[in-house]
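These are the residues of each chain, in order.
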Amino acid sequence: MPDALSSAEPVLIVGSGIAGLSLALMLEEAGVRSTVLSKAQTGTAGSSWYAQGGLAAAIGEDDSVEEHIADTLAVACGLARPDAVERILGASQAACRWLLRQGVEFDRNPDGGFSLGMEGGHAHRRILHCRDATGRGIINALIERVRERSERIRLLEHRVAIDLCIDSDDRARGVYTLDLQSGEVELLRGACTVLASGGISGIYAHATSVSPAHGDGIAMAARVHLPLTNMEFVQFHPSALHGAKGVLLSEALRGEGAKLCDAEGVPFMHEYHEAADLAPRDAVSRAIGRHLERTGAECAYLDVRGLDVEFSRRRFPYLWEECARYGLSPDVDLLPAIPAAHYSCGGVHVDDRGQTQIPGLYAIGETAWSGLHGANRLASNSLTECVVMALLSCHNIVLSRLSAHSGRIPEEPPFRTVRRPPDAEVVESLKARSEAVRRSVTQHLGIVRRTDDLARAVREFSAERAAFERELPDLPLCPEALELRNLLTCAELVAISAHQRRECRGLHYVEDCTDEELMPVGADTKVRLTPVDLSG
Ligand code: SIN
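One numbering rule holds for all chains: residues counted from 1, following each sequence as written. This being a predicted model, a pLDDT of at least 70 is required before a residue's local features are given, and a value of 80 or more before pairs of side-chain atoms are given or counted; all residues contribute to the totals for chains, interfaces and linings. Where side-chain values are given, they derive from all heavy atoms of the structure, hydrogens and water being excluded.

## Some remarks on the sheet that holds strand β11 (residues 228-229)
Two strands qualify as a pair provided that DSSP identifies no fewer than 2 bridges between them. Secondary structure elements are taken from DSSP: a helix is a run of H or I of four residues or more, a strand is a run of E of two residues or more, and numbering for both begins at the N terminus. One open sheet accounts for four strands, arranged β18-β16-β11-β21; its pairing is mixed. The strands lining the two open edges of the sheet, one partner per strand, are β18 (368-369) and β21 (526-527). In the packing of helix α6 (residues 216-223) onto the sheet, the strands contacted are β11 and β16 (347-349), and the crossing angle to β16 comes to about 40 degrees. Here, residues are in contact when the closest pair of their heavy atoms is within 4.5 Å. Axis definition: a line fitted to C-alpha atoms, over the contacting stretch in the case of helices. Angles run 0 to 180 degrees between N-to-C directions.

Given below as structure tokens:
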């Protein structure tokens, strides 16, 4: 019998970054209600909030969508899907117009035109930005709109998604969640469920955001046996502030003339790449690694001193503020810089509308593999992707939520745990284990990889994940346990994909890889998680 209530259910969106909030607002414009789930305060958890650079769109007079497409394909090293690149970048101007209608104030020149930034791999200035805190600029505007529409958009904060609920017809029906305030587990039902919970940079010891994502959506999708594509392509940003937690030195600084240099202020990027400081990110991050190895230095430096101080303060206020917290002044000091995990180009395999292979389940933004980024992401293409994929999936979601569901919802969730609050000792030990996993991921699956390390990582993370899945039913349900579970799952997925790719391509660089191992151009890696037998 069809479930009469289902078409009245809101769409459930896991994640309140730019992708999730954009989709909620677009659905609202189409008359559809949604619930947006956030682990912390809406909008501030995750990477969108910390995005500095901006949103790439070919709107300059000397620019064209064709050139933006060509730059994206060149950086992607043969693995982006040309049709996806054309579709997503072709809609980038529509995405900008939509953001402007929501009240986003991109920086403008004195003549009223948009001030367009420059970043590595782009042939033109095409980065729309809100000073150097574009993520905040966009999210603040979106949250204001969401609050005005609270009748149709419900924000649920401090809720951690645990697992997807799949009915007897194999359709996604919502998400089991842990309420961090009450400790209660609740099934939140959704007419459709959308994973918009970010990527996996939080599985590394150093990331460019203060609250990087731990791959919650990716791990949940993997646990219902969905394929994950190209998980080996993890982008390291060349310049995080060394010694700080999650402070990025935006690539826009190099776009305006800042240079990577050694402790004496001597620039070195021209020794490694013809495009020097504006080479694609994988090349810059590897060059820094090589330079540090050659010189034995602990970190590189970014020399921002050549920028006009008034311009620099106005254009990069967040940088000045953050540097001041660490006793640095960008007009006087060289800024210590080190690569850090930044973005995952792979993710949950989706079609051109963000639909996964499970009916009723979508993935957008960094959680998804849409075919845009290939083996390396062009700077500032990700915010574009977040808004465009929200636009493209919205129409489908509006239609598909109307289909009747007759599948039974399982009586029990797909996990068991003990129902008592965790004691401090358990929490501390789970945190320590998560830190150990991050160190190990950084060691085995970093910027430069080795074949034997990859094989070791597959063995290590597969065994650890299986052991932890067996341990989980005896642990109190707490965010630390869920985090460790997702970290281990994503670590295993990256390790298996990286081990599968028998070549160096884009972000995946294996120093002992030989030419004979080349995979055909265009071959994506696809991984499915092996279920753990919990019966024993
Ligand atoms: C940056 O500001 O350097 C980051 C921009 C991006 O990752 O797209």
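Right, picking up where we left off after that structure.
## Re the sheet that holds strand β9 (residues 185-189)
The sheet built from three strands is open, its strands ordered β7-β8-β9 with antiparallel pairing. Both outer strands of the open sheet, β7 (159-166) and β9, are each paired with one neighbouring strand and no more. Taken pair by pair, the neighbouring strands of this sheet meet at an average axis angle of 30 degrees, ignoring direction. Sheet topology note: the β7/strand β8 (residues 172-179) ladder contains seven bridges and is antiparallel. Bridged to L164 within β8 is V175. Packed onto the sheet, helix α14 (residues 479-500) meets β7 and β8 and runs at close to 55 degrees relative to β7.

## Concerning the site of the ligand
Close to the ligand lie Q52, G53, H237, L248, S250, E251, R281, H342, R377, A379 and S380. For the ligand, an oxygen atom lies 2.6 Å from a polar atom in the side chain of H342. Look at the ligand: alone it shows 260 Å² of surface, and the protein chains cover 95% of it. Note on residue classes: Ala, Val, Leu, Ile, Met, Phe, Trp, Tyr, Cys and Pro are nonpolar, Asp, Glu, Lys and Arg are charged, and everything else, Gly too, is polar. Considering only residue class, the shell around the ligand consists of two nonpolar, six polar and three charged. Only a single heavy atom is needed: when it lies within 4 Å of a molecule or strand, its residue is near that molecule or strand. Polar contacts here mean pairs of N or O atoms no more than 3.5 Å apart (in protein, one a potential hydrogen donor and the other a potential acceptor; neighbouring residues in sequence count only if both atoms are side-chain atoms). Here the Shrake-Rupley method, with its probe set to 1.4 Å, supplies the accessible areas, and only the displayed protein chains count as covering residues.

## A closer look at the nonpolar core
Put simply, buried Ala, Val, Leu, Ile, Met, Phe, Trp, Tyr and Cys residues joined by side-chain atoms within 4.5 Å make one nonpolar core. Three labels apply to residues, based on accessible area from a 1.4 Å probe with only protein chains included: buried if under 20% of the type maximum, exposed if over 50%, partly exposed otherwise in between. Ranked by size, the top nonpolar core spans 59 residues in total, and within it I13, L23, L27, L99 and I138 carry the most contacts. Put simply, the parts of the chain that give this core at least two residues each are β1 (11-14), α1 (18-29), α2 (65-75), α3 (82-90), α4 (92-101), α5 (134-148) and α11 (381-400). Examining the composition of this core, we find that 10 residues originate from one element, α11, more than from any other. Apart from the residues lying within four places of it in its own chain, the contact partners of L23 are I13, V194, I364, A390, S393, C394 and I397. In this structure, I166, A222, L475 and C478 belong to the second largest nonpolar core, which totals 56 residues.

## A look at the packing of helix α13 (residues 451-471) against α14
Contact pair α13 / α14: the axes reach a minimum separation of 8 Å and the direction vectors enclose 150 degrees. Compared by their axis directions, α13 and α14 come out roughly antiparallel. At the point where α13 passes α14, the crossing takes the left-handed sense. Contacts between α13 and α14 involve L454, A455, A457, V458, F461, S462, E464, R465, F468 and E469 from the former and A481, L484, R485, L488, T489, A491, E492, A495, I496, A498 and H499 from the latter. Classifying every residue of the contact of α13 with α14 gives 13 nonpolar, three polar and five charged. Small angles under 35 degrees read as roughly parallel and large ones over 145 as roughly antiparallel, with 65 to 115 read as roughly perpendicular and the rest as oblique. Left-handed describes a crossing in which the near helix is turned anticlockwise from the far one by less than a right angle; the clockwise case is right-handed.

## Some words on unusual backbone geometry
We note that A276 has phi near 45 degrees; this positive angle belongs to a residue other than glycine. Mapped onto the elements, A276 comes out in the loop between β13 (259-261) and α8 (281-295). For A276, a relative accessible area of 19% gives the class buried. Non-glycine residue S380 carries a positive phi angle of around 65 degrees. Within the secondary structure, S380 sits in the loop between β18 and α11. Its relative accessible area of 5% is what places S380 among the buried residues.

## Re the packing of α2 against α3
Where α2 contacts α3, the axes come no closer than 10 Å and their chain directions differ by 135 degrees. For the element pair α2 / α3, the angle class is oblique. Relative to α3, α2 is oriented so that their crossing is right-handed. Residues V65, H68, I69, T72 and L73 of α2 touch α3, and the partners they reach there are P82, V85, E86, L89 and G90. Classifying every residue of the contact of α2 with α3 by side-chain character gives six nonpolar, three polar and one charged.

## Some thoughts on the side chain of S16
Structurally, the position occupied by S16 is in the loop between β1 and α1. A polar atom in the side chain of S16 sits 3.3 Å from the side chain of S38. A distance of 2.8 Å separates the side chain of S16 from the backbone nitrogen of G43, its partner in a polar contact. Those residues in contact with S16, other than ones at most four positions away along the chain, are L21, V36, L37, S38, Q41, T42, G43 and I139.

## Points about the pattern of salt bridges
A side-chain nitrogen of Lys or Arg and a carboxyl oxygen of Asp or Glu constitute a salt bridge if their distance falls within 4 Å. According to the stated counting rule, one finds 37 salt bridges in the structure shown. A salt bridge links R485 to D163; its shortest N-O distance comes to 3.1 Å. Here the residue R485 occupies a position in helix α14, and D163 occupies one in strand β7, the gap between them amounting to 322 residues. Take R485 and D163: they sit in the same class, and that class is buried. By sharing partners, the salt bridges in this structure join D163, R223, E469 and R485 into a single network.

## Quick notes on the packing of aromatic side chains
Between rings of Phe, Tyr and Trp, where Trp is taken as its six-membered ring, a pair exists when centres lie within 6.5 Å; planes separated by under 30 degrees are stacked, by over 60 edge-to-face, and by other angles tilted. Overall, the coordinates contain five aromatic pairs when judged by the stated rule. When the centroid spacing of 5.2 Å and the interplanar angle of 85 degrees are considered together, the rings of Y204 and F236 count as edge-to-face. A residue pair is termed long-range when its members are at least 10 positions apart, and Y204 in the loop between β10 (193-195) and α6 and F236 in strand β12 (residues 234-241) qualify at 32 residues. On the basis of an interplanar angle of 90 degrees and a centroid distance of 6.1 Å, the ring pair of F268 and Y272 is categorised as edge-to-face. Placement of a charge over a ring requires the Lys NZ or Arg CZ to be within 6 Å of the ring centre, with the centre-to-atom vector within 35 degrees of the ring normal. In this structure, R377 is placed above the aromatic ring of Y343, and the distance from its NZ or CZ to the ring centre is 4.3 Å.

Spatial relationships are all this shows, so hold off on functional conclusions.
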